[in-house]
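A look at the structure
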Number of protein chains: 2
Amino acid sequence: MWQFWALQRWKYGTAAMYKQRLDATKLKVYRRGAAKQRFGDAVFILWHPNSLLNGTSVVFHLISRSSTVFPVPVVLRGHLPLLPTTSQETKREMAVTVYGPSYSTATARVIACLEVYGVEYRQVPVDLAAAEHKQQAVLYGNPFGQVPVFEDGELKLFESRAITRYIAKKYKGNGPDLLREDNLEESAMVNIWMEVEAHQLDKAVQPIIFQLLVVPVLLGGAPDQKIVENSVKNVEKLLDVYEARLSDSKYLAGDFFSLADLNHLPYLYYLITTPYASVITSRPHVKAWWEDLLSRPACQKVTANMKR
Amino acid sequence: MWQFWALQRWKYGTAAMYKQRLDATKLKVYRRGAAKQRFGDAVFILWHPNSLLNGTSVVFHLISRSSTVFPVPVVLRGHLPLLPTTSQETKREMAVTVYGPSYSTATARVIACLEVYGVEYRQVPVDLAAAEHKQQAVLYGNPFGQVPVFEDGELKLFESRAITRYIAKKYKGNGPDLLREDNLEESAMVNIWMEVEAHQLDKAVQPIIFQLLVVPVLLGGAPDQKIVENSVKNVEKLLDVYEARLSDSKYLAGDFFSLADLNHLPYLYYLITTPYASVITSRPHVKAWWEDLLSRPACQKVTANMKR
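In the annotation of an unreviewed UniProt entry, chain A is listed under the name glutathione transferase and assigned to Dendrobium chrysotoxum. One UniProt comment on chain A, placed under Catalytic activity (unreviewed entry), says "RX + glutathione = an S-substituted glutathione + a halide anion + H(+)". Its UniProt record, at the heading Sequence similarities (unreviewed entry), says of chain A: "Belongs to the GST superfamily. Phi family."

Next up, the structure:
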């Protein structure tokens, strides 16, 4: 029997620590190696809720981190008997669950919306590097094998913008009316700018983020500067239209904050961390709108976790 | 003074013909040439409603077609004094307007939705080949210069999927409830599958349509078969998920016809006209679902016009 620290992430931003005994014979090694003998140093366990398995055990991931003996993360997987849950934990079991890592833009979009409404939720990180979302697509609840997946009781949802619509509709009473479904014209404007975000801005910003943040950091390559520059030009053209729009109204859909604004958070947040932040800051109305968005406590919390 | 036939398209599928006198001195030539002397043969005028200009004249487009003297279409533009409108025409002026050509998938998506609800509308074709939508973006009402643009009184909308949401919401009483906004879970399912269409199926099918229909027909080139084959593989993977979904429920969002189904019409219609129709017809549930969709009178009408 091996002894580890289990980091149980019940709720975004908070974590309860449990000391667990694991049966090493049940561990399934992802990467081959002498992992078994070297677990003592800097490991933690991310585990999935029991609802994904049977009622008696949970699947867990054991990942070495900042370890002196593991230069790269090593992921193990196994089953762990369920602890008897306290009543507080049972209550938490009822909360909604988001499957997806904080750095994923689509996951961040969903979490931002939950935070706006103060909805209690738990987040289950998904190891995208290990293609966990592809391998366990059906398990996670998205047949296309993408994150995030959102669980609310028996209901499983995917597609981040469909999930944020669901959250905004369900929790409207707890916060701002982000969809304006009761007003035909206002809801049309929200829908238009949600589509612009999804089909135009997302598409234009994505190659910049991929080249400048994913290629050097995750893939260890050099960014293709030509792709970056062409994409920056496309973003600039789009933001010229945004600038004109935001000169007419405080927010994209009108003089009210809506899901169309909030859905922009993740991609623009990454964009502003690149050397091309001026595409936002050089346009006064876009800049003011972006600062308004980013300054919201929900957005502050989500972007702080995207950084890590 | 030159004399032309003016084809005034008030309503999709019907057209009133007017013989007009035009002042040639007011014509603005798009392509330089001796166009003025050669108008007698096979020309017609597409014109924009007066609401786009001032109250006394309309802008018109004069396009040669199948002409013995013009091997390629020639586009002229000018102003035409408004005729006194009859009361019937005034009523038609109040109807909604769709700017965009019938072969455009996004335009067809909007028109299919109007047809489902039996909404009276007029369609103003836009000459995409002459990049008319780019040049007159602000005039048409889409700052990003894309078709379709949708006009309902003073309200101008763009982004086809935002427009179909608007139509389905406004005219719910006249036909099927395509959005299910009154039901939290059903609307979530509609939204999920609308996102799947927009972000996954559209993206996967688009290169096939471009290579097989646009490249040879409009650009006079040869399709890149490698792109086509890769895209077909992607579509097949997606349609495997559709097949599983449609084995569980009759339609994508559940056992009810929704906007998620209807939005699929234009791209799948073009796909079924290619040599890769079997990606649809070889999957029994996808095939049955597609045949159900295509057989609807609204869809029959729209696809008949896409063909032309």
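Next up on the list: the packing of helix 2 (residues 105-116) of chain A against helix 12 (residues 297-307) of chain A. Relative placement of two packed helices is described by the angle separating their axes and the distance separating the axes. Residue and element names in this part refer to chain A. Taken N-terminus to C-terminus, the directions of helix 2 and helix 12 make an angle of 145°; their axes are 8 Å apart at the nearest point. Helix 2 and helix 12 meet at a crossing whose hand is right-handed. Where helix 2 approaches helix 12, its residues Ala108, Ile111, Ala112, Glu115 and Val116 are matched on the opposing element by Ala298, Lys301, Val302 and Met306. Counted by class, the contact of helix 2 with helix 12 contains 7 nonpolar, no polar and 2 charged residues.

So, on to the sheet that holds strand 10 (residues 155-158) of chain A. Residues and elements named next belong to chain A. Strand order in the open sheet made by the 4 strands is 8-7-9-10, with mixed pairing throughout. The open sheet terminates on both sides in strands that have one partner only, identified here as strand 8 (121-124) and strand 10. The average undirected angle you get between the axes of adjacent strands in this sheet is 20°. Pairing geometry for strand 7 (residues 96-99) and strand 9 (residues 149-152), over 3 bridges, is antiparallel. Looking at the pairing, Val98 lines up with Phe150 of strand 9. Sheet contacts for helix 2: strand 7, strand 8 and strand 9; angle to strand 7, the most-contacted strand, approximately 155°.

Residues and elements named next belong to chain A. A two-sided burial pattern is seen for strand 9, the buried positions comprising Val149 and Glu151 on one face and Phe150 and Asp152 on the other. When strand 9 meets strand 10, the two strands line up antiparallel, connected through 4 bridges. Bridge pairing in strand 10 places Glu151 opposite Lys156. The hairpin turn running from strand 9 into strand 10, its antiparallel successor, is 2 residues long, and Gly153 in that turn takes a positive phi close to 65°.

This paragraph deals with the packing of aromatic side chains. Inspection of the entire model under this criterion finds 16 aromatic pairs over all chains. Centre to centre, the rings of Tyr251(B) and Phe257(B) are 5.7 Å apart; their planes meet at 70°, and the pair counts as edge-to-face. Tyr251(B) sits in the buried class, given a relative accessible area of 7%. Using a relative accessible area of 10% as the deciding quantity, one classes Phe257(B) as buried. In textbook terms, an aromatic cluster arises when at least three aromatic residues are bridged by ring pairs, as seen for Phe144(A), Phe158(A), Trp193(B), Tyr242(B) and Trp289(B). When the ring centre of Phe257(A) is taken as reference, the NZ or CZ atom of Arg296(A) above it lies at 3.6 Å.

In this section: the pattern of salt bridges. Residues and elements named next belong to chain A. Using the criterion set out here, one finds 26 salt bridges over all chains in the structure. With a closest N to O distance of 3.2 Å, Asp182 and Lys172 form a salt bridge. Of this pair, Asp182 sits in the loop between helix 5 (160-170) and helix 6 (184-218) while Lys172 sits in the loop between helix 5 and helix 6, and the two are 10 residues apart along the sequence. Residue Asp182 is classed as exposed on the basis of its relative accessible area of 67%. On the basis of relative accessible area, Lys172 is assigned to the partly exposed category, the value being 33%.

In this section: the interface of chain B and chain A. Tallying the contact residues gives 31 residues for chain B and 31 residues for chain A. Counting each side, the surface lost to burial between chain B and chain A is near 2900 Å², with a carbon and sulfur contribution of 72%. Counting residues per element, the ones that place at least two in the side of chain B that touches chain A are strand 10 (155-158), helix 5 (160-170), helix 6 (184-217) and helix 7 (225-248) of chain B. When residues in the side of chain B that touches chain A are grouped by element, the largest group, 13 residues, is from helix 6 of chain B.

The subject of this paragraph is the pairing of strand 7 (residues 96-99) of chain B. Residue and element names in this part refer to chain B. Judged by which residues are buried, strand 7 turns out to be covered on both faces: Val96 and Val98 on one side and Thr97 and Tyr99 on the other are all buried. Bridge analysis of strand 7 against strand 8 (residues 121-124) gives 4 bridges, and the strand direction is parallel. Paired with Thr97 across the bridge in strand 8 is Arg122. A crossover connection joins strand 7 to the parallel strand 8 through helix 2 (residues 105-116); in handedness this β-α-β unit is right-handed.

Definitions and limits used
Residues numbered from 1 in each chain as written. Chains lettered and ligands numbered in written order. Predicted model: local features only at pLDDT ≥ 70, side-chain atom pairs only at ≥ 80, totals over all residues. Heavy atoms only, no water. UniProt positions renumbered as here; feature names shortened; annotations may be inferred. Axes fitted to C-alpha atoms, helices over the stretch in contact; angles between N-to-C directions. Helix = DSSP H or I, 4+ residues; strand = E, 2+ residues; numbered from the N terminus. Left-handed = near helix turned anticlockwise from the far one by under 90°. Contact = heavy atoms within 4.5 Å. Nonpolar A, V, L, I, M, F, W, Y, C, P; charged D, E, K, R; others polar. Pairing = 2+ DSSP bridges. Buried < 20%, exposed > 50% of the residue type's maximum accessible area, 1.4 Å probe, protein only. Phe/Tyr/Trp six-rings, centres within 6.5 Å; stacked < 30°, edge-to-face > 60°. Lys NZ or Arg CZ within 6 Å of the ring centre and 35° of its normal. Salt bridge = Lys/Arg side-chain N within 4 Å of Asp/Glu carboxyl O. Buried area = accessible area lost by both parts, 1.4 Å probe. Right-handed = clockwise from strand over helix to strand, strands pointing away.

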